[in-house]
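Here are the chains, one letter per residue:
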Amino acid sequence: MLGDDAELTAAVLAAQNGDETAFRTVYRAVHPRLLGYVRTLVGEPDAEDVASEAWLQIARDLERFSGDADRFRGWAARIARNRALDHIRMRGRRPATGGDEAELTGRPADSDTAGEAIEALATHRTLSLIARLPQDQAEAVVLRVVVGLDAKTAAETLGKRAGAVRTAAHRGLKRLAELIGDDPESAEALDALPAQREPHDHAVTSASVTHSRSRTQKDM
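First, a word on scope: everything that follows refers to the structure included in this document.

Definitions and limits used
- Residues numbered from 1 in each chain as written.
- Predicted model: local features only at pLDDT ≥ 70, side-chain atom pairs only at ≥ 80, totals over all residues.
- Heavy atoms only, no water.
- Helix = DSSP H or I, 4+ residues; strand = E, 2+ residues; numbered from the N terminus.
- Buried < 20%, exposed > 50% of the residue type's maximum accessible area, 1.4 Å probe, protein only.
- Contact = heavy atoms within 4.5 Å.
- Areas by Shrake-Rupley, 256 points an atom, 1.4 Å probe, with all protein chains shown as cover.
- Expected span 1.5 Å × (residues − 1).
- Arc of directions from axis to C-beta.
- Axes fitted to C-alpha atoms, helices over the stretch in contact; angles between N-to-C directions.
- Parallel < 35°, antiparallel > 145°, perpendicular 65-115°, else oblique.
- Left-handed = near helix turned anticlockwise from the far one by under 90°.
- Nonpolar A, V, L, I, M, F, W, Y, C, P; charged D, E, K, R; others polar.
- Phe/Tyr/Trp six-rings, centres within 6.5 Å; stacked < 30°, edge-to-face > 60°.
- Salt bridge = Lys/Arg side-chain N within 4 Å of Asp/Glu carboxyl O.
- Polar contact = N/O pair within 3.5 Å; in protein donor to acceptor, adjacent residues only side chain to side chain.

Take the overall build of the protein chain next. When helices and strands are counted, the protein chain shows eleven helices and zero strands. From first element to last, N terminus to C terminus, the protein chain shows the α and β order α-α-α-α-α-α-α-α-α-α-α. For the protein chain, the proportion of its 220 residues judged to be buried stands at 51%. In the protein chain, once contacts between residues fewer than 6 apart in sequence are set aside, the share between residues at least 24 apart is 75%. Surface accessibility of the protein chain: about 10300 Å² in total, with carbon and sulfur atoms responsible for 48%.

This is the structure:
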């Protein structure tokens, strides 16, 4: 692990030991991508509320988490997905994605390739196009390209096989290219996407310390 992944792993471990500053670091690093994923599932009007619910659960259950940065991103995405699906079940349908992309373009460092992917995808037009994909393809594209999960972790998040997620992401990106057509600006954005991450061995660590108080959204 190098760079941001190592820093995120260290911040997660410190947050598990009750370091509130470290938890805010984790939140700032992961929230923009997580919000982009939630926005794909529930749409713009409800995305912030659903993401907030997810972060409350993440804060509550953090002591039970075990793993590195990759595993944390997958774990957080799974929690966000469950909260989003609960929301969709109550409302009864999956909406179109759109609206303000400002949150998606935030990134913790200039060299953050995941942030570059977010910037490439974070146009109103492209987000709307992603919403037109079948849900399995939309989720695969966002989890692999925006959230930055490898195929194995994305598959665990979705409860599918890694091969199925790779196929869905490939088909989703291919379909996006077809939808974009001859639009030069959108085509350049799609071309700028980094390669999808492949699985690697995870350095698994754990910590279990009782927190002095529960975190709230404003702590983040």
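Our focus in this paragraph is helix α10 (residues 162-180). The end-to-end C-alpha separation of α10 is 27 Å, in line with the 27 Å expected for 19 residues at 1.5 Å each. Among the residues of α10, Val-165, Ala-168, Ala-169, Gly-172, Leu-173, Leu-176, Leu-179 and Ile-180 are the ones counted as buried. Mapping the buried residues of α10 onto a view down its axis gives an arc of 130°, with all of them on the same face. Among the exposed residues of α10, those pointing more than 90 degrees away from its buried face are His-170, Arg-171 and Lys-174. Among the residues trailing α10, Gly-181 stands out with phi positive, at a value near 60°.

Right, let's get into the packing of helix α8 (residues 135-147) against helix α9 (residues 151-158). Running from amino to carboxyl end, α8 crosses α9 at an angle of 135°, the nearest separation of the two axes being 10 Å. One way to sum up the angle between α8 and α9 is to call them oblique. You can see that α8 and α9 cross each other, and the crossing is right-handed. Residue-level contacts link Glu-139, Leu-143 and Arg-144 of α8 to Ala-151, Ala-154, Thr-157 and Leu-158 of α9. Broken down by class, the residue content of the contact of α8 with α9 amounts to four nonpolar, one polar and two charged.

Now for the environment of Ala-76. Mapped onto the elements, Ala-76 comes out in helix α4 (residues 69-91). For the pair Ala-76 and Ala-54, spaced 22 residues apart in the sequence, the C-alpha separation amounts to 7.7 Å. Here Ala-76 is in contact with Val-30, Leu-34 and Ile-58, once residues within four sequence places are set aside.

A few words on the packing of aromatic side chains. Counted by the stated rule, this structure contains five aromatic pairs. Taking 5.1 Å as the distance between ring centres and 40° as the angle between the ring planes, the aromatic pair formed by Phe-65 and Trp-75 counts as tilted. A residue pair is termed long-range when its members are at least 10 positions apart, and Phe-65 in the loop between α3 (44-61) and α4 and Trp-75 in helix α4 qualify at ten residues. Judged on exposure class, the residue Phe-65 and its partner Trp-75 are both buried. Members of the aromatic cluster, connected to one another through ring pairs, are Phe-23, Tyr-27 and Trp-55.

Scanning all chains against the criterion turns up eight salt bridges. In this structure, the salt-bridge partner of Asp-61 is Arg-60, at a minimum N-O distance of 3.7 Å. Judged by relative accessible area, which is 11%, Asp-61 ranks as buried. For Arg-60, a relative accessible area of 56% translates into the label exposed. Across the salt bridge formed by Glu-178 and Arg-175, the nearest N and O atoms sit 3.1 Å from each other. Here the residue Glu-178 and the residue Arg-175 both occupy positions in helix α10, the gap between them amounting to three residues, near one helical turn. One continuous salt-bridge network, built from bridges that share partners, spans Asp-5, Asp-70 and Arg-73.

Counting buried residues along α8, eleven of its 13 residues qualify, which places the element largely inside the surrounding structure. Listed in full, the buried residues belonging to α8 are Gln-137, Ala-138, Glu-139, Ala-140, Val-141, Val-142, Leu-143, Arg-144, Val-145, Val-146 and Val-147. Once α8 ends, the next one or two residues include Gly-148, with phi positive near 90°.

This part is about the side chain of Asp-61. As for its placement among the helices and strands, Asp-61 is situated in helix α3. Looking at Asp-61, its side chain comes within polar contact range of the side chain of Arg-64, at 2.9 Å.

On their own, these measurements won't tell you what the molecule is for.
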